[in-house]
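So you can see what is in the structure, the chains are spelled out below.
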Amino acid sequence: MADTPAKTARAEWGTRFGFLMAMIGAMVGAGNIWRFPYIAGNNGGGAFILAYLALLFLLAVPGLMAEVALGRYTGKGVIGAFREVVGRSGLVGFGVVVLLVNVALMSYYSPVIGWTLYYAIHSLLFTFTSAGFQPEAFWTAFLDNPVLTIGLHTVVMGTIAAVLALGIRRGVERLVVYAVPALVFSLVVMTIRGLTLPGASDGIAFIFGVQWEFLARSETWITALGQALFSTGLGWGIALTIGSYLREYDDVPLGGGVFTAIGESSIGVLAALAIFPVVFAVGLEPDVGANLAFISLVQVFPEIPFGGLVAILFFVGFFLATLTSGLLITEVSVTTISEETRLDRTQTVLGVCGAIWLLGIPSAYSVTILNYLDFVFGNWGLPLATLAIIGVIGWVLGPQRLRLLTVNRNAGIYVGHWWNPVVKYVIPAVMLFIVAYFAYDNFGSPEMIGGMLVLVLFPIIGYALMSILEGRAPPEAAEVPGGDD
Amino acid sequence: MALSAGVLGMLAFILLAFYGVAGWALVRTLRQESRKAEILEEQDRMDTYSPKALAELRDWIEDNPDDPLVDEARRRYNECVDTLETTDRHFYDWSDREIDRLEQI
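Rules and cut-offs
- Residues numbered from 1 in each chain as written.
- Chains lettered and ligands numbered in written order.
- Predicted model: local features only at pLDDT ≥ 70, side-chain atom pairs only at ≥ 80, totals over all residues.
- Heavy atoms only, no water.
- Helix = DSSP H or I, 4+ residues; strand = E, 2+ residues; numbered from the N terminus.
- Rg over C-alpha atoms; globule rule 2.2 N^0.38 Å.
- Buried < 20%, exposed > 50% of the residue type's maximum accessible area, 1.4 Å probe, protein only.
- Phe/Tyr/Trp six-rings, centres within 6.5 Å; stacked < 30°, edge-to-face > 60°.
- Domains from an automatic or database assignment.
- Contact = heavy atoms within 4.5 Å.
- Buried area = accessible area lost by both parts, 1.4 Å probe.
- Salt bridge = Lys/Arg side-chain N within 4 Å of Asp/Glu carboxyl O.
- Polar contact = N/O pair within 3.5 Å; in protein donor to acceptor, adjacent residues only side chain to side chain.
- Nonpolar A, V, L, I, M, F, W, Y, C, P; charged D, E, K, R; others polar.
- pLDDT = per-residue confidence, 0-100.
- Expected span 1.5 Å × (residues − 1).
- Bend = angle between axes of the 7 residues up to and from the residue.

Tell me about the overall build of chain A, and name the residues and values.
A tally of regular secondary structure across chain A gives 19 helices and zero strands. Over its C-alpha trace chain A gives a radius of gyration of 22 Å, about what one expects of a compact globule, namely 23 Å for 485 residues. The dimensions of chain A, computed from C-alpha atoms along their principal axes, are 70 × 50 × 50 Å. With 485 residues in all, chain A has 65% of them scored as buried.

Structural data, given as structure tokens:
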């Protein structure tokens, strides 16, 4: 499997802007739009955002630098990157764990992209501002129509396959350099519209009013921690994959770390500015999750001048945000499977997208299944992937080596010694804490049992699979034995 | 409802902290990219480490002679030194005196 000779020269990003937009496009998703504004407002407003900002700099920025640097250093997808570091052994299976988590994540994220596509189409048809429109009934009828939800899931995976088949530069990059600025533009116009409505200041006060006492509550910090780690996609293999396509003289820490973490969070702040003034201006209560976007906000559009146009901006922007994330999540599997097998890129894209489509049918059919998988993989699957990637950097390759050999090479900013203990100790400790906290908080629930199965079975499957496959190849010493920083 | 000074202050701080930092990083990295492209148009290679980062790499090589990655580190170090000595334009802020003091390992 792994000893297939290189098929062609490896692709590279065509421009620096393309790489940056790919990072932002991958990390900005539904969570930035329907989750961040609400949890900020409900956890002390400005106080929460300060806690979140501090954690971004402490954890997400260094973590993303490490993940992009691993991709850059090895020039491989997740499985190849693990092999470069641990050598040919069953431990390469931790790369398979990252792959499995990505496939699972995409299987239930694709139907969500389908929801945003459906609403984007209806915004273009001015459905939401038509007479007698009932948001809740419309939403329920949509979810109760499996032909529609599965059909949209199919359209989404077909679209993603078509873009990915074109390749990194002609497919992914060409799309993200337009989609991400278009999303920002949509939110900026919506912000201007919202801020000029009477009563908009209540929304601003909800998000940015500072309740300092929240900083003394552990719940605030745990929520901020989850948001800082999950919204930046740290350790999911996406940053590693995107980083593996960097060019010879490209920087890692400034673009891959600082810009990505702060830039993608800036879009969350922008979404808060775009959504809450509008919601409060018409006297609605803020909500969380899908209801905010698909029910609450939809009630707003008929109430405001130019509401039909604002709805188009919002839902088209929302669709682009989810689509670009879906593209890059799928690219993780495409890159590594294409490298590890004899399949060419088009065959790999068809195989990966076909598998995700098949696995995603239950989530497209039932929101209950989707929510269950989201909870299980959000709370345990994704932290497991993060632990695998940050663990291999921190404890096998060694952060000091990676910092000297890759992070500070061609770098736009200098990264000092402080980075080593953050990558080796702080991020893994925080991830273990999150996994344990969620398990404790949901002890005995079906979600917790599912999460524990993922935590136990995925590494076993990965290890067993790679022990067999790697055992077929001639033995070889680890490329990077030890890691004694 | 008029916004309080506290809310306005926090809004201003957050906008500065997020958009200020993200904007600074974006502009800086794109400018650096242009500069790198300009240098590579004139010469086929470019220095890869800043003076501080290269000094740190040298110290690590000297302190870890048996590390499995020391050969790769040495290659990267020597490649940067060679480039600095044989090219006229440099990306990082190297003085002639600093370059004169450099030696291959």
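Could you give an account of the packing of aromatic side chains, with specific residues and numbers?
All names here are of chain A. This model, assessed by the stated rule, comprises 38 aromatic pairs over all chains. With a centroid separation of 4.1 Å and an interplanar angle of 10 degrees, the aromatic rings of Tyr118 and Phe142 are classed as stacked. Highlighted residues: Tyr118 in helix H5 (residues 93-124) and Phe142 in helix H6 (residues 135-143), separated in sequence by 24 residues. Across the pair, Phe142 and Tyr118 agree in class, each one buried.

Describe the domain arrangement of chain B, with residues and values.
Residue and element names in this part refer to chain B. Assigned domains of chain B: these are domain 1 (1-42) and domain 2 (43-105). A C-alpha centroid distance of 31 Å is found between domain 1 and domain 2. Taken together, the contacts link eight residues of domain 1 with seven residues of domain 2. Between domain 1 and domain 2 the total buried area reaches about 850 Å² when both faces are included, carbon and sulfur atoms providing 58% of it. The interface formed by domain 1 and domain 2 contains two salt bridges. With a shortest N-O distance of 2.9 Å, Glu42 and Arg89 are connected by a salt bridge. In this assembly, domain 1 and domain 2 are joined by five residue pairs in polar contact (both at pLDDT 80 or more).

How would you summarise unusual backbone geometry if you had to cite specific residues and measurements?
Peptide bonds are, in most cases, trans, and in most cases residues other than glycine have a negative phi. Residue and element names in this part refer to chain A. For Phe306, which is not glycine, the phi dihedral falls at a positive 60 degrees. Looking at where Phe306 falls in the secondary structure, it is placed in the loop between helix H13 (290-300) and helix H14 (307-340). A residue is classified by how much of its surface remains accessible, and Phe306, at 61% relative accessible area, is exposed. With a phi close to 60 degrees, Asn410 is a non-glycine residue in the positive phi region. Structurally, Asn410 can be placed in the loop between helix H17 (399-407) and helix H18 (419-441).

Let's hear about the pattern of salt bridges: which residues, and what values?
According to the stated counting rule, one finds 18 salt bridges over all chains in the structure shown. Arg10 of chain A serves as the salt-bridge partner of Glu339 of chain A, at 2.7 Å between the closest nitrogen and oxygen. Taken together, the residues Glu339 of chain A in helix H14 and Arg10 of chain A in the segment before helix H1 (16-27) connect sequence positions 329 residues apart. Across the salt bridge formed by Glu56 of chain B and Arg403 of chain A, the nearest N and O atoms sit 2.4 Å from each other.

Describe the interface of chain A and chain B, and please don't skip the residues or the numbers.
The partner chain B presents 44 residues to the 52 residues of chain A that form the contact. For the pair chain A and chain B, the summed buried area comes to about 4000 Å², and 69% of that belongs to carbon and sulfur atoms. Three residues, Tyr249, Leu404 and Arg409 of chain A, lead the burial of chain A against chain B; their summed loss comes to 17% of the area buried on that side. Taken together, chain A and chain B are joined by four salt bridges. With a closest N to O distance of 3.0 Å, Arg401 of chain A and Asp67 of chain B form a salt bridge. Summed over the shared surface of chain A and chain B, the number is 20 residue pairs in polar contact (both at pLDDT 80 or more). Every element with two or more residues in the side of chain A that touches chain B is listed here: H1, helix H3 (46-74), helix H9 (200-208), helix H12 (253-281) and H17 of chain A. For the side of chain A that touches chain B, the element with the most residues is H12 of chain A, which contributes 10 residues. Class assignment for the residues of the side of chain A that touches chain B results in 30 nonpolar, 12 polar and 10 charged.

Mind laying out the confidence of the model for chain A, listing which residues take part and the relevant values?
With 95% of its residues at a pLDDT of 70 or more, chain A has an overall mean of 92. Within the model, the stretch residues 1-6 of chain A combines pLDDT values under 50 with 10 contacts to residues more than four positions away or in other chains.

Any chance you could break down H12 of chain A for me, citing the residues and the numbers?
Residues and elements named next belong to chain A. Here H12 is 29 residues long and its end C-alpha atoms lie 41 Å apart, about the 42 Å a rise of 1.5 Å per residue gives. If you look at H12, its biggest bend is around 40 degrees, right at Phe259. Gly283 sits one or two residues past H12 and shows a positive phi near 75 degrees.

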